[in-house]
Amino acid sequence: NQALEEQLRQFNRETSNQMVVIITNELCNFEPMEYATNIGHSWGVGQKEFDNGIVILVSPDNRKTFIAVGYGLEGAIPDAIAKRIVNQELLPNFRKDDYYGGISAATGVLMQLAKGEISAENYGQQGKKEFPGAALVLIVVLIVIFFVVGPMLSARKYANTNDVAFWTAMMLIMSSRNSHGGSFGNFSSGSGSFGGGGGFG
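These numbers were taken from a predicted model, which means no experiment stands behind them.

K.L.:
Describe the packing of helix α3 (residues 79-94) against helix α4 (residues 99-115), naming the residues involved and giving the relevant values.
P.N.:
Taken N-terminus to C-terminus, the directions of α3 and α4 make an angle of 155°; their axes are 7 Å apart at the nearest point. When the axes of α3 and α4 are compared, the pair comes out roughly antiparallel. Between α3 and α4 lies a crossing whose hand is right-handed. In this structure, α3 contributes I81, I85, E89, L90, N93 and F94 to the contact, and α4 contributes Y99, G101, G102, I103, A105, A106, V109, L110 and L113.

Okay, structure coming up:
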């Protein structure tokens, strides 16, 4: 696409950073990470003294993509952010067969990060839902009901039924609650490893 090509040229002129987009179905038996990294080295993407190149590899038939980032830009575009760009910009569009839309969205974010217009931290926060204040209030109310109002009602009923003082009944109920412990199971989360600097999908 000529518009995208002109954007990439303009990006190079304005910042001296270089970005190339490779669309190929022949990976020559390389993994996407290796292929993209090799392209970056062999084509000399980015200035040698700054290592400020970015390679976006898209292999439609293999259903794979990878963003390789030169060492000079890893501060602005760390691996975790490159991976997020793959997941949030490239893959959702690719799944709709909108390859241009995905590449355009990804290059737009990468340019902003490389220029310092947005930070990796700011981009990383996008898509994270803030905890609603109303939900927090509701949780606090439920906690109060469970730990305070509930036992008080139970204590009043127990006191009336067994003809004991209210606070005696309250102490009995609370001690009964504390004597029953619960256990929480262990939850394990799978995590992928990333090498070579970049993000894949």
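Picking up after the structure, the text goes on.
K.L.:
Kindly report on the environment of S59, identifying the contributing residues and their values.
P.N.:
Structurally, the position occupied by S59 is in strand β2 (residues 53-59). Taking the relative accessible area as the measure of exposure, S59 reaches 1% and is therefore buried. Through-space distance from the C-alpha of S59 to that of E26 is 7.7 Å; in sequence the pair is 33 residues apart. Setting aside residues up to four positions removed in sequence, S59 forms contacts with T24, N25, L27 and K64.

K.L.:
Got a sec to walk through the layout of surface pockets? Specific residues and values, please.
P.N.:
In this structure, the second largest pocket occupies an estimated 160 Å³ of space. Around the second largest pocket, the lining residues are V58, S59, P60, R63, K64, L91, F94, R95, D97 and Y99. Looking at the lining of the second largest pocket, the elements that each hand over two or more residues are β2 and α3. A per-class count over the lining of the second largest pocket returns five nonpolar, one polar and four charged.

Basis of the calculations
Residues numbered from 1 in each chain as written. Predicted model: local features only at pLDDT ≥ 70, side-chain atom pairs only at ≥ 80, totals over all residues. Heavy atoms only, no water. Axes fitted to C-alpha atoms, helices over the stretch in contact; angles between N-to-C directions. Helix = DSSP H or I, 4+ residues; strand = E, 2+ residues; numbered from the N terminus. Parallel < 35°, antiparallel > 145°, perpendicular 65-115°, else oblique. Left-handed = near helix turned anticlockwise from the far one by under 90°. Contact = heavy atoms within 4.5 Å. Buried < 20%, exposed > 50% of the residue type's maximum accessible area, 1.4 Å probe, protein only. 1 Å grid on protein atoms, 1.4 Å probe; cavity = no way out; pocket = protein on both sides within 12 Å on 5 of 7 lines; lining within 4 Å. Points joined across faces, edges and corners; volume = space filled by probe spheres on them. Nonpolar A, V, L, I, M, F, W, Y, C, P; charged D, E, K, R; others polar.

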